[in-house]
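Listed below are the residues making up each chain.
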Amino acid sequence: MLLQISSGQGPVECEYAVGLLFRALQKEYPDIELLYQHPGHEKNCFRSVLFSTGQDLSGLDGSVQWICQSPFRPNHKRKNWFVDVSVIPEAETEHIEVREEDIRMERFHSGGKGGQNVNKVETGVRLIHAPTGITVTSTAQRTQAMNRADALRKLKAILARVESESKAGQKNAAWREHTRLQRGNPVRVYRGREFRR
């Protein structure tokens, strides 16, 4: 499942909340893999973050509220900041041709669960698509071949999305998700600098 967290057209506090929410979700769902992040105006701030997970996080689709005094503007009266979480449908991949010569593969030690196999053998896989510069990784599986297949599936999904957007002339399709942000009726609420749910 692919998801995007977006600050919408909100101020730097919303961009900061995107990073806080992403890190909170990583703790909650350890299998989350970062696919792309669009940096914001300040350090640790992001306009959007695109990630994948094997979990069903469709219940997060909607707005997330962060109630906190601004860490950037201490005298600002506003204390409610909203970010958007969008489930991005994975594109049909059977029509996408990914040429083997366009992909560079790097192997690395995965670490974490899996015993000696992942700690001693380079089972983690990183694929770099040379023409676009898109990079995807996979460490979820126990073998290098399975991780390569998983990373290739993710790469094809991203390339299919890029291709469908360009065919339709939708250069800013992901940016349109920024305007979808609705303030109010959040699916989750976090409070304070500690970002507690």
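Residues numbered from 1 in each chain as written. Predicted model: local features only at pLDDT ≥ 70, side-chain atom pairs only at ≥ 80, totals over all residues. Heavy atoms only, no water.

Asks: Mind showing me how you'd approach the sheet that holds strand S2 (residues 33-39) here?
Replies: Strands in a sheet are paired, the pairing made by backbone hydrogen bonds, and the direction either parallel or antiparallel. One open sheet accounts for six strands, arranged S2-S3-S1-S5-S4-S9; its pairing is mixed. A single partner strand is all that each edge strand has here, and the edge strands are S2 and strand S9 (188-191). Recorded for the sheet is a direction-independent mean angle of 20 degrees between the axes of neighbouring strands. Across five bridges, the pairing between strand S1 (residues 2-6) and strand S3 (residues 46-52) is antiparallel. Its bridge partner lying in S3, Leu2 is registered against Ser52. (Pairing = 2+ DSSP bridges. Helix = DSSP H or I, 4+ residues; strand = E, 2+ residues; numbered from the N terminus. Axes fitted to C-alpha atoms, helices over the stretch in contact; angles between N-to-C directions.)

Asks: Looking at this structure, I do not really get the side chain of Asp84. What am I missing?
Replies: Among the secondary structure elements, Asp84 is positioned in strand S5 (residues 80-88). Residue classification places Asp84 among the buried positions, given a relative accessible area of 2%. At 2.5 Å, the side chain of Asp84 forms a polar contact with the side chain of Ser86. (Buried < 20%, exposed > 50% of the residue type's maximum accessible area, 1.4 Å probe, protein only. Polar contact = N/O pair within 3.5 Å; in protein donor to acceptor, adjacent residues only side chain to side chain.)

Asks: In this structure, what is going on with the sheet that holds strand S7 (residues 124-129)? I would like to understand it.
Replies: An order of S6-S7-S8 is seen for the three strands of this open sheet, with the pairing classed as antiparallel. Each having just a single partner strand, strand S6 (103-108) and strand S8 (134-138) make up the two edges of the open sheet. Taking the axes of each pair of neighbouring strands and ignoring which way they run, one obtains an average angle of 20 degrees across the sheet. Of the pairings in the sheet, the one linking S7 to S8 comprises five bridges and is antiparallel in character. Within S8, the residue paired with His129 across the bridge is Ile134.

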